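Structure assessment
Below are the chains, spelled out letter by letter.
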Amino acid sequence: QVQLVESGGGLVQAGGSLRLSCGTSGRTFSNYDMGWFRQAPGKEREFVAAITLNGYSTLYADSVKGRFTISRDNAKNTVYLQMNSLKPEDTAVYYCARRRLGYALGYGIVGYDSWGQGTQVTVSS
């Protein structure tokens with residue numbers, strides 16, 4: 001079972017920025033598309049962004065498009081989420097996830113087979 005470990009969360013004022021990181025061990029990271037999700041209290045987990053295994057294609061939720069950027073460094077087995085112009089409604093636990101092999105890049109939770117434990121992002125107004 002792959003282990004995904006998120007870091008970089010914290011408390012930030014509205015309009016500020018944070019960069020989340022998600023690292024994993026093993027040699028197969030570059031074989032997988034990766035994604036970020038978030039879950040606010042009392043709400044369902046929702047898609048944020050995804051990136052193909054080679055980093056050439058990305059996908060974003062409409063709510064973060066133009067503010068968040070997903071990227072990856074396969075040499076470091078790490079995927080990143082740069083979050084700018086943060087809003088209070090971005091407050092949530094953020095999770096990275098590994099896309100199932102054979103699935104096209106997408107939004108649905110069912111297409112991801114491994115999850116990190118999450119990192120808290122809190123945006124104050």
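Let us look at the structure shown here. The structure presented is a predicted model; accordingly, all values stated were derived computationally and were not measured.

**Here we look at the overall build of the protein chain**
Scanning the protein chain for helices and strands turns up 0 helices and 11 strands. The N-to-C order of helical and strand elements in the protein chain reads β-β-β-β-β-β-β-β-β-β-β. For the protein chain, the C-alpha radius of gyration of 13 Å lies close to 14 Å, the compact-globule estimate for 125 residues. Its C-alpha atoms give the protein chain principal-axis dimensions of about 40 × 25 × 25 Å. Buried positions account for 43% of the 125 residues belonging to the protein chain. A separation threshold of at least 6 residues defines the contact pool for the protein chain, and within that pool the share at least 24 residues apart is 58%. Carbon together with sulfur atoms contributes 47% to the accessible area of the protein chain, which is approximately 6500 Å² in total.

**Regarding the state of the cysteines**
Throughout this description, disulfide means a covalent bond between two cysteine sulfur atoms. Applying the stated rule across the entire model yields 1 disulfide. Disulfide partner of Cys-22: Cys-96, at an S-S distance of 1.9 Å. Taken together, the residues Cys-22 in strand E3 (residues 18-24) and Cys-96 in strand E9 (residues 92-99) connect sequence positions 74 residues apart. Judged on exposure class, the residue Cys-22 and its partner Cys-96 are both buried.

**Comments concerning unusual backbone geometry**
Phi at Asn-77 is positive, roughly 55°, even though this residue is not glycine. Take Asn-77: it is sitting in the loop between strand E7 (68-73) and strand E8 (78-83). Although it is not a glycine, Ser-85 sits at a positive phi angle of roughly 50°. With respect to the helices and strands, Ser-85 occurs in the loop between E8 and E9. Overall, the relative accessible area of 41% leaves Ser-85 in the partly exposed class.

Reading the values: rules and limits
- Residues numbered from 1 in each chain as written.
- Predicted model: local features only at pLDDT ≥ 70, side-chain atom pairs only at ≥ 80, totals over all residues.
- Heavy atoms only, no water.
- Helix = DSSP H or I, 4+ residues; strand = E, 2+ residues; numbered from the N terminus.
- Rg over C-alpha atoms; globule rule 2.2 N^0.38 Å.
- Buried < 20%, exposed > 50% of the residue type's maximum accessible area, 1.4 Å probe, protein only.
- Contact = heavy atoms within 4.5 Å.
- Areas by Shrake-Rupley, 256 points an atom, 1.4 Å probe, with all protein chains shown as cover.
- Disulfide = S-S within 2.5 Å.

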